[in-house]
Amino acid sequence: MNFQKSLDHLAEQVKLYRRTNVMDGEALNSILKEITATLSYLTGELTRYHDKYQNRKHELILSGTSVNKAEIITDVEIPEVYLLRRTIDSGYEVVGAIRTNISYIKSERANV
């Protein structure tokens, strides 16, 4: 799986979640599985991009650039770090919502 395909896959799974009946536990579980696997992959990508980010920032600082300016330059040169952080955070919000739905379904089944 590559970076852009993973982002697209995550977006499709979120759209699928929005269209899914909240009482369809099997579909929710399948979506949860796909989203968590994709988020795991994206977390690995974030680690790689973060290393690039830190190395570039370090190079700029060693060349005499101020820390603040080095951060600004690195943010522009390696925007994937910001994108991945926001995407992963949002993805885990969706995971939490799906888990809540699944938990509700389980408690409803237990009470019937």
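Presented here is an overview of the structure given in this document. (Residues numbered from 1 in each chain as written. Predicted model: local features only at pLDDT ≥ 70, side-chain atom pairs only at ≥ 80, totals over all residues. Heavy atoms only, no water.)

### Comments concerning the overall build of the chain
Right, on to step 1. Within the chain, the regular secondary structure consists of 4 helices and 0 strands.
Right, on to step 2. In sequence order, the chain lays out its α and β elements as α-α-α-α.
Right, on to step 3. Over its C-alpha atoms the chain spans a radius of gyration of 19 Å, topping by over 25% the 13 Å that the globule rule assigns to 112 residues.
Right, on to step 4. Here the C-alpha coordinates of the chain stretch approximately 70 × 25 × 20 Å along the principal axes.
Right, on to step 5. Within the chain, buried positions represent 32% of all 112 residues.
Right, on to step 6. A fraction of 73% describes how many contacts in the chain between residues 6 or more apart in sequence connect residues 24 or more apart.
Right, on to step 7. Per element, the accessible surface of the chain, about 7400 Å² overall, is 52% carbon and sulfur.
Right, on to step 8. The chain carries 15 positive and 15 negative side-chain charges, and their two centres are separated by 1 Å. (Helix = DSSP H or I, 4+ residues; strand = E, 2+ residues; numbered from the N terminus. Rg over C-alpha atoms; globule rule 2.2 N^0.38 Å. Buried < 20%, exposed > 50% of the residue type's maximum accessible area, 1.4 Å probe, protein only. Contact = heavy atoms within 4.5 Å. Areas by Shrake-Rupley, 256 points an atom, 1.4 Å probe, with all protein chains shown as cover. Lys, Arg positive; Asp, Glu negative; His and termini not counted. Charge placed at Lys NZ, Arg CZ, Asp CG, Glu CD.)

### Brief notes about the environment of Ser 90
Right, on to step 1. Within the secondary structure layout, Ser 90 lies in helix α4 (residues 80-111).
Right, on to step 2. Separated by 31 residues in sequence, Ser 90 and Glu 59 have C-alpha atoms that sit 31 Å apart.

### Focus: the packing of aromatic side chains
Right, on to step 1. Counted according to the given criterion, the structure contains 1 aromatic pair.
Right, on to step 2. Plain terms: the ring middles of Phe 3 and Tyr 49 are 5.4 Å apart, the flat faces sit at 50 degrees to each other, and that makes the pair tilted. Within this pair, whereas Phe 3 is found in helix α1 (residues 3-19), its partner Tyr 49 is found in helix α2 (residues 25-62), the two being separated by 46 residues in sequence. (Phe/Tyr/Trp six-rings, centres within 6.5 Å; stacked < 30°, edge-to-face > 60°.)

### Re the nonpolar core
Right, on to step 1. Core analysis: the biggest nonpolar cluster contains 22 residues, and Ile 35, Leu 42, Leu 84 and Ile 98 have the highest contact counts within it.
Right, on to step 2. Those elements that place two or more of their residues in this core are α1, α2 and α4.
Right, on to step 3. Residue contributions to this core peak at 9 residues, all from α2.
Right, on to step 4. Excluding anything up to four places from it in sequence, Leu 42 contacts Phe 3, Ser 6, Leu 7, Leu 10, Leu 84, Thr 87 and Ile 88. (Core = buried A, V, L, I, M, F, W, Y, C linked by side-chain atoms within 4.5 Å.)

### Quick look at the packing of α1 against α4
Right, on to step 1. Closest axis-to-axis distance for the α1/α4 pair is 11 Å, and the angle between their directions is 30 degrees. In terms of orientation, α1 and α4 fall into the roughly parallel class. Where α1 crosses over α4, the two elements pack in a sense that is left-handed. Side by side, α1 and α4 meet where Phe 3, Leu 7, Leu 10, Val 14 and Tyr 17 of the first sit next to Glu 80, Leu 83, Leu 84, Thr 87, Val 94, Ala 97, Ile 98 and Asn 101 of the second.
Right, on to step 2. Here the residues of the contact of α1 with α4 sort into 10 nonpolar, 2 polar and 1 charged. (Axes fitted to C-alpha atoms, helices over the stretch in contact; angles between N-to-C directions. Parallel < 35°, antiparallel > 145°, perpendicular 65-115°, else oblique. Left-handed = near helix turned anticlockwise from the far one by under 90°. Nonpolar A, V, L, I, M, F, W, Y, C, P; charged D, E, K, R; others polar.)

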